[in-house]
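Structural features, examined
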Amino acid sequence: MKLKAMSRTVRETIPLALFLFFLWLIFTEKTNWEHLLLGAIVAALFARISFFMVGGRLDPNLNWKVALRFFPFAALLSWEIMKASWDVLTRVFRPSLPISPRIIEFDSILDSDIAKTMLANSITLTPGTVTVEIEGKRFYVHCLAQEHESGLLEGKLERMVAWLFAEGPDDMRGLR
Amino acid sequence: MSDLVSEFFLVVAAILVVNAFLCLYRGAAGPTIQDRIIGINIVNTKTMVVLLVLSTFLGEELYLDIALVYALLNFVVTITISRYIET
Amino acid sequence: MGSVAKDVLTVIFGLTGVLFFIGGTVGLLRCPDLYSRLHPATKCDTVGSCSITIALALQIGLDIALFKIMVVILLLLVTSASSGHAIGRSAFKTGVMPWHKKGVVPWPLKGEDRWTGR
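Residues numbered from 1 in each chain as written. Chains lettered and ligands numbered in written order. Predicted model: local features only at pLDDT ≥ 70, side-chain atom pairs only at ≥ 80, totals over all residues.

Across the contact, 33 residues belong to chain A and 39 residues belong to chain C. Elements supplying a minimum of two residues to the side of chain A that touches chain C: helix 1 (8-28), helix 3 (64-93), strand 1 (102-107), helix 4 (113-125), strand 2 (129-135) and strand 3 (138-143) of chain A. The greatest single-element share of the side of chain A that touches chain C, amounting to eight residues, is contributed by helix 3 of chain A. Classifying every residue of the side of chain A that touches chain C by side-chain character gives 21 nonpolar, eight polar and four charged. (Contact = placed C-beta atoms within 7 Å. Helix = DSSP H or I, 4+ residues; strand = E, 2+ residues; numbered from the N terminus. Nonpolar A, V, L, I, M, F, W, Y, C, P; charged D, E, K, R; others polar.)

Okay, structure coming up:
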């Protein structure tokens, strides 16, 4: 069966169907042919239905390069998350509760929806900052203390996400 | 796995249950409705981790599937209620 | 890796997880307002559950249960940040004012005015 001969919708449905079938294998733990057949049918059906509901198209910014770059990005991000959690933990346990929270806003350099989603999730998981609202390119972020504000406005996270999706101005990309 | 580690993790599960009850205070007494959602969200997360621990150290395979459903329901409930009170 | 070393590592990761979970609870009970309560709720709980999962994975070894636990914990990683964001957004839109110390402007400032609020 040639891939070119299939319609575009079918080609874009196949990765999702394979992923769902993999989940089916993990959660049933059975390898009878009946179970495999049932899993294949259910996976194909659900992939088709969800593409029908979403609109029949993956985000065009997602490709194999992004998938490859995701691993160093995830490693750096998890290190940041550990530091952030330790910071919040020490603040919470101190009897004087050294916090001075407020909401700040800033404009992002990122364009596409998926990059902004990734940036919002990263901000929520790292140093004392929670994204509360996005309007267009403007981010409203709640910061726990002044160190967190300055850390956020340096834009290290933003540069990481810009590197991941190859977006924004060239000099703003990079892991450091 | 040794018996000592198994007993240690049962104590861990007990501590987590006590923590969940403390979080339930925030769910009952929170001044705004969002405080209650956070409280319930955290209680659900802790319940899920307790289920994972029990399934490993008591040998109950079924609890893993229940933990998955718990995580999914937790997410759906949080998103639905917060989008509902937003409008 | 010897069996004893594995058990010691498991206990260390388990203790770390419990510490983070207790921190999340204490933060939830002590913080003054909704937005600050979001911080321990989204961060400490995520790290605590990941740490306990690593401990469990060390004890289970290579097994089908390991994959199941991995699926559950990846789901938790993706969803906890999103739910925190959703709760914060609903509070922001319904106009819940953030708690602030005296002399601090609690609401958005942009551009060059960013630092004058303190």
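Attention now moves to the sheet that holds strand 2 of chain A. All names here are of chain A. Strand order across the open sheet formed by three strands is 1-3-2, with antiparallel pairing between neighbours. With partners counted over all chains shown, the strands left at the sheet margins are strand 1 and strand 2, one partner each. Sheet twist, expressed as the average angle between the axes of neighbouring strands with direction ignored, equals 25°. Across six bridges, strand 2 lies against strand 3 in antiparallel orientation. If you follow E135 over to strand 3, its bridge partner there is R138. (Pairing = 2+ DSSP bridges. Axes fitted to C-alpha atoms, helices over the stretch in contact; angles between N-to-C directions.)

Okay, the confidence of the model for chain C next. Any region with low pLDDT has predicted coordinates that should not be read closely. Residues and elements named next belong to chain C. Taken as a whole, chain C shows an average pLDDT of 80; of its residues, 86% reach a score of 70 or greater. Averaged pLDDT values over the elements of chain C bottom out at 85 in helix 3 (residues 64-93) and peak at 88 in helix 1 (residues 3-30). Here residues 111-118 is modelled with pLDDT under 50, and outside its nearest four sequence neighbours on either side it reaches seven contacts, counting other chains as well. Confidence metrics for the complex model read pTM 0.83 and ipTM 0.87. (pLDDT = per-residue confidence, 0-100.)

Let us look at the nonpolar core. One broad rule of soluble globular proteins: the nonpolar side chains tend to lie buried together. Of all hydrophobic cores here, the largest spans 73 residues; its most connected members are L119, V141 and V161 of chain A, L52, V53 and A67 of chain B together with V72 of chain C. The residues touching V141 of chain A, leaving out its near neighbours within four places in the chain, are I103, I104, I123, T129, V130, T131, V132 and L152 of chain A. (Core = buried A, V, L, I, M, F, W, Y, C linked by C-beta atoms within 7 Å. Buried ≥ 20, exposed ≤ 12 C-beta atoms within 10 Å, placed from the backbone.)

For the rest of this paragraph, the subject is the packing of helix 3 of chain A against helix 6 (residues 156-165) of chain A. Residue and element names in this part refer to chain A. Where helix 3 contacts helix 6, the axes come no closer than 9 Å and their chain directions differ by 160°. With respect to their mutual orientation, helix 3 and helix 6 come out roughly antiparallel. Contacts from V66, R69, F70, F73 and L76 in helix 3 reach M160, L164 and F165 in helix 6. Partitioned by chemical class, the residues of the contact of helix 3 with helix 6 number seven nonpolar, no polar and one charged. (Parallel < 35°, antiparallel > 145°, perpendicular 65-115°, else oblique.)

With that out of the way, let us pick up the interface of chain B and chain C. Think of interface size as the accessible area that goes away when the parts come together; that is how it is often given. If you look at the interface, chain B gives 38 residues, while chain C gives 39 residues. Breaking the side of chain B that touches chain C down by element, the ones donating at least two residues are helix 1 (3-29), helix 2 (33-57) and helix 3 (62-86) of chain B. Per-element tally for the side of chain B that touches chain C: the top contributor is helix 2 of chain B, with twelve residues. Taken together, the residues that form the side of chain B that touches chain C break down as 23 nonpolar, nine polar and six charged.

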